[in-house]
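The lines below spell out each chain.
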Amino acid sequence: VEPTQLAGRNHQRCSLLEFQEAFGKMISQVLFFLLASFAEAQRSVAGPYEGKELMVTPTIMTGILVGSLWIMLFLVGFCCLFQVQTPSAFEEKPLVLNKQY
């Protein structure tokens, strides 16, 4: 085994360890904010808008959810469409097909 191959493996291992460390930090931050939101949700004093009538009816909520689904599907299709790579030049001679049986 050549030394350059070993160096490449060590570099990959190092980047994997860095990734795991960064991922662990991200998970701990998400858990911290999740616990903070749970603590905020358990407050005993009502807010200024609590207890009032909701302005979003079930029909409006359904429209918002279906509309956001369509927008998400459009964006996925748009991104996939523009990631298609075609060659800059095509072959001029046609494809020869012989003996198809």
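Above this text sits the structure in question.
Here's a quick rundown of the structure. Nothing here was measured: the structure is a model prediction, and the numbers come from that model.

On to the overall build of the protein chain. Along the protein chain, the regular secondary structure elements total 2 helices and 0 strands. Counting all 101 residues of the protein chain, 0% fall into the buried class. Split by element, the accessible area of the protein chain, about 10,500 Å² in all, is 68% carbon and sulfur.

Before going further, it helps to examine the packing of aromatic side chains. Taken as a whole and assessed by the stated rule, the structure comprises 4 aromatic pairs. Each ring, one from Phe 78 and one from Phe 82, has its centre 4.8 Å from the other, and the planes form 55°; the classification is tilted. Remark: Phe 82 and Phe 78 occur in helix 2 (residues 58-82); sequence separation between them is 4 residues, near one turn of the helix. Taking the relative accessible area as the measure of exposure, Phe 82 reaches 56% and is therefore exposed. Counting every residue linked through ring pairs, the aromatic cluster contains Phe 74, Phe 78 and Phe 82.

Quick look at a nonpolar patch on the surface now. Residues Leu 16, Phe 19, Phe 23, Met 26, Ile 27, Val 30, Leu 31, Leu 34, Leu 35 and Phe 38 make up a contiguous nonpolar surface patch of roughly 980 Å² in combined accessible area. Residue class for Phe 19 comes out exposed when judged on its relative accessible area of 53%.

Thresholds, definitions, all that
- Residues numbered from 1 in each chain as written.
- Predicted model: local features only at pLDDT ≥ 70, side-chain atom pairs only at ≥ 80, totals over all residues.
- Heavy atoms only, no water.
- Helix = DSSP H or I, 4+ residues; strand = E, 2+ residues; numbered from the N terminus.
- Buried < 20%, exposed > 50% of the residue type's maximum accessible area, 1.4 Å probe, protein only.
- Areas by Shrake-Rupley, 256 points an atom, 1.4 Å probe, with all protein chains shown as cover.
- Phe/Tyr/Trp six-rings, centres within 6.5 Å; stacked < 30°, edge-to-face > 60°.
- Patch = residues over 30% accessible without salt bridge, like charges linked within 9 Å, V, L, I, M, F, W, Y side chains within 5 Å.
- Salt bridge = Lys/Arg side-chain N within 4 Å of Asp/Glu carboxyl O.

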